[in-house]
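Here is how the chains run, residue by residue.
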Amino acid sequence: MMKLIIAIVNNDDAHFVNTALTAEGFNITKISSTGGFLMNGNSTFLIGVEDEQIDRALEVIKTHSKKREMNVPMNLPGNNGVFGASGASVSVGGATVFIVDVEKYVRF
Ligand code: 2BA
């Protein structure tokens, strides 16, 4: 059965994820997106795959998505005072991935 991988990737890693997936023959769509919390640009990849390709796609995404720490400023809208006046460090990078069933896939 076909699946749709929805992968949200930090913009610093997006180019490498894009290049590596394409080089391995995956069909991808990259959408420019924005994280609701940090309000930074990130990239959302839509990748239609057969079941047996999922593991490889996830491996490629994981390899090129590096976790790192980032300081959140106190005036960030999403902060809401939760982190106090000095802000806080949050973990960014890595990838947030959803895998959903595809009911139908057509191309005209
Ligand atoms: P952002 O919403 O900008 O979140 C960036 C990072 O800030 C998150 O990294 C997390 O470490 C932290 N963070 C987010 N919301 C928080 C909160 N309410 N309180 C404290 N810290 C918070 P990740 O978890 O790796 O997420 C990276 C990006 O993936 C997110 O960017 C968002 O665009 C997306 N994302 C993550 N989980 C999602 C979900 N359940 N649904 C939709 N998008 C999601």
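Reading the values: rules and limits
- Residues numbered from 1 in each chain as written.
- Predicted model: local features only at pLDDT ≥ 70, side-chain atom pairs only at ≥ 80, totals over all residues.
- Heavy atoms only, no water.
- pLDDT = per-residue confidence, 0-100.
- Helix = DSSP H or I, 4+ residues; strand = E, 2+ residues; numbered from the N terminus.
- Near = heavy atom within 4 Å.
- Polar contact = N/O pair within 3.5 Å; in protein donor to acceptor, adjacent residues only side chain to side chain.
- Areas by Shrake-Rupley, 256 points an atom, 1.4 Å probe, with all protein chains shown as cover.
- Buried < 20%, exposed > 50% of the residue type's maximum accessible area, 1.4 Å probe, protein only.
- Arc of directions from axis to C-beta.
- Contact = heavy atoms within 4.5 Å.

**Considering the confidence of the model for the protein**
When pLDDT is averaged across the protein, the result is 90; 88% of the residues are at 70 or more. Here strand S5 (residues 88-93) is the element of the protein with the lowest mean pLDDT, 83, and strand S2 (residues 28-34) is the one with the highest, 98.

**Some details on the site of the ligand**
Taken together, 12 residues lie near the ligand, and Gly35, Phe37, Leu38, Asn42 and Ser91 sit nearest. Within the backbone of phenylalanine 37, an N or O atom sits 2.9 Å from an oxygen atom of the ligand. Between the ligand and asparagine 42, the relevant distance is 3.0 Å, taken from an oxygen atom to a side-chain nitrogen or oxygen of the residue. Taking 750 Å² as the accessible area of the ligand by itself, protein coverage stands at 52%. Secondary structure elements with two or more residues in the shell around the ligand: S5 and strand S6 (95-101).

**A look at helix H2 (residues 54-64)**
Looking at H2, one finds that the buried residues are Ile54, Ala57, Val60 and Ile61. For H2, the arc enclosing every buried residue in end-on projection is 130 degrees, short of the 170-degree limit, so these residues lie on one face. Exposed side of H2, more than 90 degrees from the buried face: Asp55 and Lys62 are the residues found there. Residues of H2 that are buried make contact with strand S1 (2-10), helix H1 (11-23), strand S3 (41-50) and S6.

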